[in-house]
Protein chains: 4
Amino acid sequence: MTEASLKVAIIGSTGYGGVELIRILLQHPQVEIASVISASSVGEPIAAGYPHLNEIMCDTLDGVDPKEIASKAELVFTATPTGVSAKLVPQLLAEGLKVIDLSGDFRLKDSSDYVKWYKHDPVDEDALEQAVYGLCEWYGEQVQGQSFISNPGCYATAALLGMAPILKAGLIDPDSVIIDAKSGVSGAGRGVNLGVHFSELNENFKAYKVNAHQHTPEIEQVLSELHGKPVTVTFTPHLVPMTRGIMCTMYAKLKAQVSNEDLVKLYQEQYAGRRFVRIRPAGTYPATKEVYASNYCDIGFSVDERTNRVTILSVIDNVMKGAAGQAVQNLNVMMGWEESTGLLFTPVYP
Amino acid sequence: MTEASLKVAIIGSTGYGGVELIRILLQHPQVEIASVISASSVGEPIAAGYPHLNEIMCDTLDGVDPKEIASKAELVFTATPTGVSAKLVPQLLAEGLKVIDLSGDFRLKDSSDYVKWYKHDPVDEDALEQAVYGLCEWYGEQVQGQSFISNPGCYATAALLGMAPILKAGLIDPDSVIIDAKSGVSGAGRGVNLGVHFSELNENFKAYKVNAHQHTPEIEQVLSELHGKPVTVTFTPHLVPMTRGIMCTMYAKLKAQVSNEDLVKLYQEQYAGRRFVRIRPAGTYPATKEVYASNYCDIGFSVDERTNRVTILSVIDNVMKGAAGQAVQNLNVMMGWEESTGLLFTPVYP
Amino acid sequence: MTEASLKVAIIGSTGYGGVELIRILLQHPQVEIASVISASSVGEPIAAGYPHLNEIMCDTLDGVDPKEIASKAELVFTATPTGVSAKLVPQLLAEGLKVIDLSGDFRLKDSSDYVKWYKHDPVDEDALEQAVYGLCEWYGEQVQGQSFISNPGCYATAALLGMAPILKAGLIDPDSVIIDAKSGVSGAGRGVNLGVHFSELNENFKAYKVNAHQHTPEIEQVLSELHGKPVTVTFTPHLVPMTRGIMCTMYAKLKAQVSNEDLVKLYQEQYAGRRFVRIRPAGTYPATKEVYASNYCDIGFSVDERTNRVTILSVIDNVMKGAAGQAVQNLNVMMGWEESTGLLFTPVYP
Amino acid sequence: MTEASLKVAIIGSTGYGGVELIRILLQHPQVEIASVISASSVGEPIAAGYPHLNEIMCDTLDGVDPKEIASKAELVFTATPTGVSAKLVPQLLAEGLKVIDLSGDFRLKDSSDYVKWYKHDPVDEDALEQAVYGLCEWYGEQVQGQSFISNPGCYATAALLGMAPILKAGLIDPDSVIIDAKSGVSGAGRGVNLGVHFSELNENFKAYKVNAHQHTPEIEQVLSELHGKPVTVTFTPHLVPMTRGIMCTMYAKLKAQVSNEDLVKLYQEQYAGRRFVRIRPAGTYPATKEVYASNYCDIGFSVDERTNRVTILSVIDNVMKGAAGQAVQNLNVMMGWEESTGLLFTPVYP
């Protein structure tokens, strides 16, 4: 730890996003975890609820007090449920804290979309205007030097990294985009309900929120911006009986004749220098386990001449690249550090 | 067992389809298993390789000898690998045996499709002409009284039962069909290779044979017939870290304004009297576990006004409705018995 | 369904034991389900919470009213949580109903054991005296013709069927019995809590209630009775990341020189005519999947001359033989029907 | 990477132990991977068979040539199958290479035990004499400065770390030790066979090599040495339907009256300064997931006054602490580096 290390706090430390932030930041050379915060278990050691942290992270949990946080830390990660960040972030910003918000509250620029898809009251407009959408591979320049980053959603990350280059290149019909997404169960968080009950999910595969998931407008917002005109997409999330991992299998109508090799080249150029995006050789496809517990997003292609469609497959670890890892990537870019600092975890395999 | 019981043989008894046939037929009131046959383990008790059959099925395995089979049985199930049935079935038919073939060898009416997608030599044309495609919910009348049934593929079954009614009703653009399919690993059979290695698949989700799976032309053949013109579809199979179950999530562009309720009504009418197809109430979706170890196919819908697309979800148990259960359903219909005889297994839940 | 069919009610129909009773009884030739009962969801169709029952079981849930139950049914299964049966069963018996209780409330003959291990008030002494412990393979004669059966616990069933014969035969030191038990997660029921959260259990193996599980005194009670003197055992339950299945790996010091073959013979004789106990050939061991969704208990042995100990392995399906299947077995024996009536489900494999 | 970094080679790089070594060593500040070696895929990029290493480890696989290895590296890890190391290690030592052998070939000091339990010819006696058994927490001083380390077996590691202190302290009857072990499937390696077929293991729990596993004499060898007299143990390995993790549930008769708190104290003292052993507070038990993908061994206790037995539970990640992580720990101690260098991976949770 150098003297120049940045002191950070984590609100929502007892959620899965929070403990993943701890796992990552404990190894980050420029960061010191100054406070782990949870509204529910103040005063308890964090390792009491997460024994894997025994003898690794011995801190007790602090309460959510913006002034106190500002006295301890310069930057705060809010890994809080939707609706909580909406209220909390303006207070944190008011204290002069830098904020990286892992919730969905500040991702949608149009408040009416937020109200419609999240079923919450609109968020604070000033805060919303400050929020920079932290998909570094596309908005890294905007992220740099900012104070408030809204960290992308897990599904949106996998979908956008896979779909944005081909749309931007004008190779597909923008009205034809279909995203069939599959996620491990950890994406649902640690809260208990029948929907995450082991015996209900194990040996089971199911869809949920069909045509109604709140990451839909987030995906559309970015694609529309890249396309220059409104884009709507069909999006279906499913639950896979595994803990970590997201795959998006995406379909679009081709407007031009391209080969898998052309797409590999296009994507490699688009993501040149972007260490966490890995393009698969033509004819091979990524699997979720190949990015397990890492910050990579792997992408593969299959152009089908019979149907004149392209199938694009992208995978991420939802807890890492889909949440905590990407948040640390945003931290690095915000601070002007090398994007991959402290994030070069090799995927755990098998 | 009544005196009128039919004596059947099962070739390929040591595969997953074969043992599932045994599980079903042991409870079938009209059938007697006269011979269990395996090319590889002749003379061994079938329970030696499948201890779950101890004290339930004590037979030893017979060899593959058409004449001997004909001396013991009237009908034979061929649960053999692709390419094996092609050679075997004509010999069995020549012995006067009725045949229900669970392989893919006799599903495609156009030999060039078979050669292209299966990478095998063309099958015997006489046998192919005799073969009736045994998707009972659509071709039950043709199945009745026949001698040779080609049992549909697992993916094709889930896809066709879910997609055929809306296509036939003219409600969708036939060029817009996309089928995103997910299967439990048992669909790959019992043969060993790295692709079915536990540590490679567990906590993993992956696609395979993207735009190249041999069930694609099978689906297209039936949809084209119903539509009256050629239909091509985009089809992506994936492996889910579970043993049993298939879900097809299917997408199409709507040509007319319909509601979920309209679709429920349409499908209920189409499948009236078809006991194994269950239509979900509007706004609810099936999960694979809800048909586990049963012969049901459950179907749900989501019409999306934003994109003017419909999402159709259908689930089956791949070993049962996708293979052995459907084969017994074909047996029942062939013989003029009630379609559900011996097949009313309640799904195992949880 | 013959006219002579018995009308039964199921209290606790919305638990896993309850729906398994439904799955079994729907196929039972002598039984009619007259009422499905749940304290929590009265008036709702049972299929609303369990869509796998759509079009199979269309009943709505009745409330818990002993008089009303008595007007509809002759026998009632109480698949209720511990503590609930204690209060309910005396009322049901008072209405002249036959009762098979799947809870643990009436298994321990000594009230002080119940108070100590279950942390509940003592149960009604009159009811307790009427209760016959329904481990049919050992107490079938006592079960016959009775009105109130206490159905054994899942762990106790696997442990006792595996350990009782060798203890009764005097071949082991009764002070040396150690039972290392492993269960699928469905044994914990459908209630939600962090202990059954998918992401906490998947890819995880853990112990719980070490030396403190309430099935310990149940096992000891039976072993003590067979031995003629008090026996204490060490018992450790563990959770396996799977839904169904229990294995007990049991250890004891041998007092005599015996071979695996001797044990196979001893057990085959002890369980002669007992269809649901299957003894493995010497040198082979059972796996939980080999009894999946069936009523079998498979048992194997390994005598170790180096240590002069025997290892006994027994497996059951916890929801079936460990709960609902055994309850129906008790029903059959109570009523004087063939023990296996309606219970000959072949294990689902794979 | 400092100039003082050690060049190492990995023989068996395409096995699970090999790729885990790569994952660890890529982050090790003192080590440079000079050669990845595999007998089977010479010349191929290692990432071809392990796409999770794409863009992370771009090396191609070298052949097994001791002279060439010696020209590139100073130390070699042999993550080779049993029987292969036996032949290879003497050649590597002859070239002046330091060796850390992850196979079982050089663990048993008595050749006749090796022949009996491993069913191989005896290994080279000179090499065997040089081999130091690398259980650092017990033999760290012997490891330091040595040239040839035999890395402990996965089961043996979990068993010994949990059982050695209480035996050494004289608190248990040495004839009473029973070890009931459970392992994730990755312990079986990447080789394909029916025993690691997904559909056979998923939703299944089974025992194997009961009283016949080759880690038994390894455990006995160490316990006997600590006890000063021969100790025999009963050992049962089981397969859990998960990829990583081992739990040993161990039982012994107490010779003295001790409390859980006493044991916590005893173990904390025994393992003082040993960073990778974590002792659980009295009354709590470790779960395998709490050490996932890390080098920790967590240990908990339950003294049972009723039976006068103690139950000890220890967990490790079999691929990490049970193989590659422990090998790197041995490397660190051999070289005189801090034991935990490059090994402080926080467990991946969930």
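Keep in mind it's a predicted model, so treat the numbers as computed, not measured.

Enquirer: In this structure, what is going on with the sheet that holds strand E13 (residues 309–316) of chain A? I would like to understand it.
Expert: Sheet strands pair by backbone hydrogen bonding; their relative direction is either parallel or antiparallel. Residues and elements named next belong to chain A. Sheet architecture is open: seven strands sit in the order E8-E9-E7-E10-E13-E12-E11, paired in mixed fashion. Of all the strands in the sheet, the pair left with one neighbour each is strand E8 (206–207) and strand E11 (277–279). Where strand E10 (residues 246–253) and E13 come together, eight bridges link them in antiparallel fashion. Bridged to Met247 within E13 is Val315. Along the sheet face, helix H11 (residues 260–270) touches E11, strand E12 (297–304) and E13 and points at about 150° away from the line of E12.

Enquirer: Looking at this structure, how should I read the environment of B:Ile166?
Expert: Residue and element names in this part refer to chain B. Take Ile166: it is sitting in helix H8 (residues 154–168). For the pair formed by Ile166 and Ala188, sequence separation is 22 residues and the distance between their alpha carbons is 30 Å. Contact partners of Ile166, with chain neighbours within four places excluded, come to Leu171, Ile172, Leu254, Leu263, Leu266, Tyr267, Val310 and Ile312.

Enquirer: Got a minute to help me understand the nonpolar core in this structure?
Expert: When a protein is soluble and globular, its nonpolar side chains tend to lie buried together. Counting 101 residues, the largest nonpolar core has C:Leu25, C:Phe77, D:Leu25 and D:Phe77 as the members making the most contacts within it. With residues up to four places along the chain from it excluded, the contact list for C:Leu25 reads C:Val8, C:Ile10, C:Val31, C:Ile33, C:Phe77, C:Val328 and C:Leu331.

Enquirer: Even after reading the chapter, I still don't get the pattern of salt bridges, so can you show me in this structure?
Expert: Where charged atoms from two side chains of opposite charge approach closely, those side chains can pair. Residues and elements named next belong to chain C. In the structure shown here, the tally under the stated rule is 68 salt bridges over all chains. A salt bridge links Arg280 to Glu290, with the shortest nitrogen-to-oxygen separation between them at 2.6 Å. Note that Arg280 is positioned in the loop between strand E11 (277–279) and strand E12 (297–304) and Glu290 in the loop between E11 and E12, a separation of 10 residues in sequence. For Glu290, a relative accessible area of 9% puts it in the buried group.

Enquirer: Just checking my understanding: could you explain the UniProt feature "domain: Semialdehyde dehydrogenase NAD-binding" (unreviewed entry) in chain A for this structure?
Expert: When the UniProt feature table is mapped to this numbering, "domain: Semialdehyde dehydrogenase NAD-binding" (unreviewed entry) covers residues 7–146 of chain A. For the annotated span residues 7–146 of chain A, helix accounts for 39% and strand for 16% of the residues, and the straight-line distance between the end C-alpha atoms is 17 Å.

Enquirer: How should the relation of the copies chain D and chain B be read in this particular structure?
Expert: For the pair of chain copies, the relating operation is a rotation around an axis with a shift along it. Note on the copies: chain D fits chain B at an RMSD of 0.0 Å, the axial shift is 0.0 Å, and the rotation between them is 180°. Viewed as a symmetry operation, the transformation between the two copies matches a two-fold axis. Of every C-alpha in chain D, the one belonging to D:Phe198 sits nearest the axis of rotation, 2.0 Å from it. Most of the interface of chain D is mirrored in chain B: 100% of its interface residues are interface residues there too.

Enquirer: Would you take a moment to explain the packing of aromatic side chains for this structure?
Expert: Each aromatic ring pair is summarised here by two numbers: the centre-to-centre distance and the angle between the ring planes. Scanning the entire structure with this criterion turns up 40 aromatic pairs over all chains. Relative to A:Tyr271, the ring of A:Tyr267 has its centre 6.3 Å away and its plane inclined at 55°; by these criteria the two rings are tilted. The same class applies to A:Tyr267 as to A:Tyr271, namely buried. Note on C:Phe205 and D:Phe205: the rings are 6.3 Å apart at their centroids and 15° apart in plane angle, and the pair reads as stacked. Taken together, the residues span two chains, with C:Phe205 in the loop between helix H9 (198–201) and strand E8 (206–207) and D:Phe205 in the loop between helix H9 (198–201) and strand E8 (206–207). Among the aromatic residues, ring-to-ring pairing joins A:Trp138, A:Tyr267, A:Tyr271 and A:Phe301 into one connected group.

Enquirer: Help me understand helix H1 (residues 16–25) of chain B in this model?
Expert: Two residues of an α-helix separated by three or four positions point the same way, owing to the 3.6 residues in each turn. The element H1(B) is largely enclosed, with a buried count of 10 among its 10 residues. Of all the positions in H1(B), only B:Tyr16, B:Gly17, B:Gly18, B:Val19, B:Glu20, B:Leu21, B:Ile22, B:Arg23, B:Ile24 and B:Leu25 are classed as buried. Each element contacted by the buried residues of H1(B) is listed here: strand E1 (6–11), strand E2 (31–37), helix H2 (46–49), strand E3 (75–78) and helix H12 (320–334) of chain B together with H9 of chain D.

Enquirer: I would appreciate a short explanation of the interface of chain D and chain B in the present structure.
Expert: You'll often see interface size given as the accessible area lost when the parts meet. Counting from both sides, the interface comprises 19 residues of chain D and, opposite them, 19 residues of chain B. For the pair chain D and chain B, the summed buried surface comes to about 1,600 Å²; carbon and sulfur atoms form 57% of the total. Seen at the junction of chain D and chain B, the total is two salt bridges. Across the pair D:Arg190 and B:Glu200 runs a salt bridge, and its minimum N-O distance is 2.8 Å.

Enquirer: Even after reading the chapter, I still don't get the sheet that holds strand E4 (residues 98–101) of chain C, so can you show me in this structure?
Expert: Ordered in space as E2-E1-E3-E4-E6-E5 (chain C), the six strands form an open sheet in which the pairing is parallel. If you trace the sheet from one side to the other, it starts and ends with strand E2 (31–37) and strand E5 (132–133) of chain C, each paired once.

Enquirer: How should the domain arrangement of chain A be read in this particular structure?
Expert: Residue and element names in this part refer to chain A. Taken domain by domain, chain A comprises domain 1 (6–130) and domain 2 (155–317). Computed from C-alpha atoms alone, the centre-to-centre distance between domain 1 and domain 2 is 27 Å. Residue-level contacts link 12 residues of domain 1 with 14 residues of domain 2. Summing the contributions of domain 1 and of domain 2, the shared interface buries around 1,100 Å²; its carbon and sulfur component is 53%. A per-residue breakdown of the area domain 1 buries against domain 2 is headed by Tyr16, Arg107 and Trp117, which together make up 52% of the total. Here domain 1 is connected to domain 2 by two salt bridges. In this structure, Glu218 and Arg107 form a salt bridge, with 3.4 Å as the shortest nitrogen-oxygen distance. Viewed at the interface, domain 2 and domain 1 are joined by seven residue pairs in polar contact (both at pLDDT 80 or more). Counting residues per element, the ones that place at least two in the side of domain 1 that touches domain 2 are helix H1 (16–25) and helix H5 (111–118). Considering only residue class, the side of domain 1 that touches domain 2 consists of five nonpolar, two polar and five charged.

Enquirer: What is the right way to look at the relation of the copies chain D and chain C in this model?
Expert: Least-squares fitting of chain D to chain C yields an RMSD of 0.0 Å, with the transformation described by 0.0 Å of translation along the axis and a rotation of 180°. In this assembly, 100% of the residues forming the interface of chain D have copies in chain C that are likewise at the interface, indicating an isologous arrangement.

Enquirer: Looking at this model, I keep getting lost on the pairing of strand E10 (residues 246–253) of chain C. Mind explaining?
Expert: If a strand is regular, its side chains alternate between the two faces of the sheet. Residues and elements named next belong to chain C. Across the eight residues of E10, seven count as buried, placing the element largely inside the fold. Looking at chain direction, strand E7 (residues 178–183) and E10 are connected through six bridges and run antiparallel. Across the sheet, Ile178 pairs through a bridge with Tyr251, a residue of E10.

Conventions and cut-offs
Once a new chain begins, its residue numbering starts again from 1 and follows that chain's sequence as written. Lettering of chains starts at A and numbering of ligands starts at 1, both following the order in which they are written. For a predicted model such as this one, the threshold for reporting local features is a pLDDT of at least 70, and the threshold for listing and counting side-chain atom pairs is 80 or more; totals across whole chains, interfaces and linings nevertheless cover every residue. Think of the side-chain values as coming from all heavy atoms in the structure, minus any hydrogens and water. At least two bridges found by DSSP between two strands is the condition for calling them paired. Put simply, DSSP H or I for four residues or longer makes a helix, DSSP E for two residues or longer makes a strand, and each gets a number counted from the N terminus. Contact between two residues is taken to exist if any of their heavy atoms lie within 4.5 Å; hydrogens are not considered. Working convention: axes come from line fits to C-alpha atoms, limited for helices to the stretch in contact. Angles between N-to-C directions cover 0 to 180 degrees. Definition used in this section: a nonpolar core is a set of buried Ala, Val, Leu, Ile, Met, Phe, Trp, Tyr and Cys residues joined via side-chain atoms within 4.5 Å. Only protein chains enter the accessibility calculation, which uses a 1.4 Å probe; a residue is then buried when its area is under 20% of its type maximum, exposed when over 50%, and partly exposed in between. Salt bridge, as used here, is a side-chain nitrogen of Lys or Arg placed within 4 Å of a carboxyl oxygen of Asp or Glu. UniProt positions are given in the numbering used here, feature names are shortened, and annotations may be inferred rather than shown by experiment. Copy-to-copy alignment: least squares on C-alpha atoms, limited to residues at pLDDT 70 or above in both. Whether two aromatic rings pair depends on their centres lying within 6.5 Å, for rings of Phe, Tyr and Trp, where Trp uses its six-membered ring; planes under 30 degrees apart make the pair stacked, over 60 edge-to-face, and the rest tilted. Accessible area that two parts lose when put together, evaluated with a 1.4 Å probe and summed over both, is termed the buried area. Domain start and stop positions are those given by an automatic or database domain assignment. In protein, a polar contact means a hydrogen-donor-capable atom and an acceptor-capable atom, both N or O and within 3.5 Å, with residues adjacent in sequence counting only if both atoms are side-chain atoms; elsewhere, any N or O pair within 3.5 Å suffices. In this count, Pro and Cys sit with the nonpolar residues alongside Ala, Val, Leu, Ile, Met, Phe, Trp and Tyr, while Asp, Glu, Lys and Arg are called charged and the others, Gly among them, polar.

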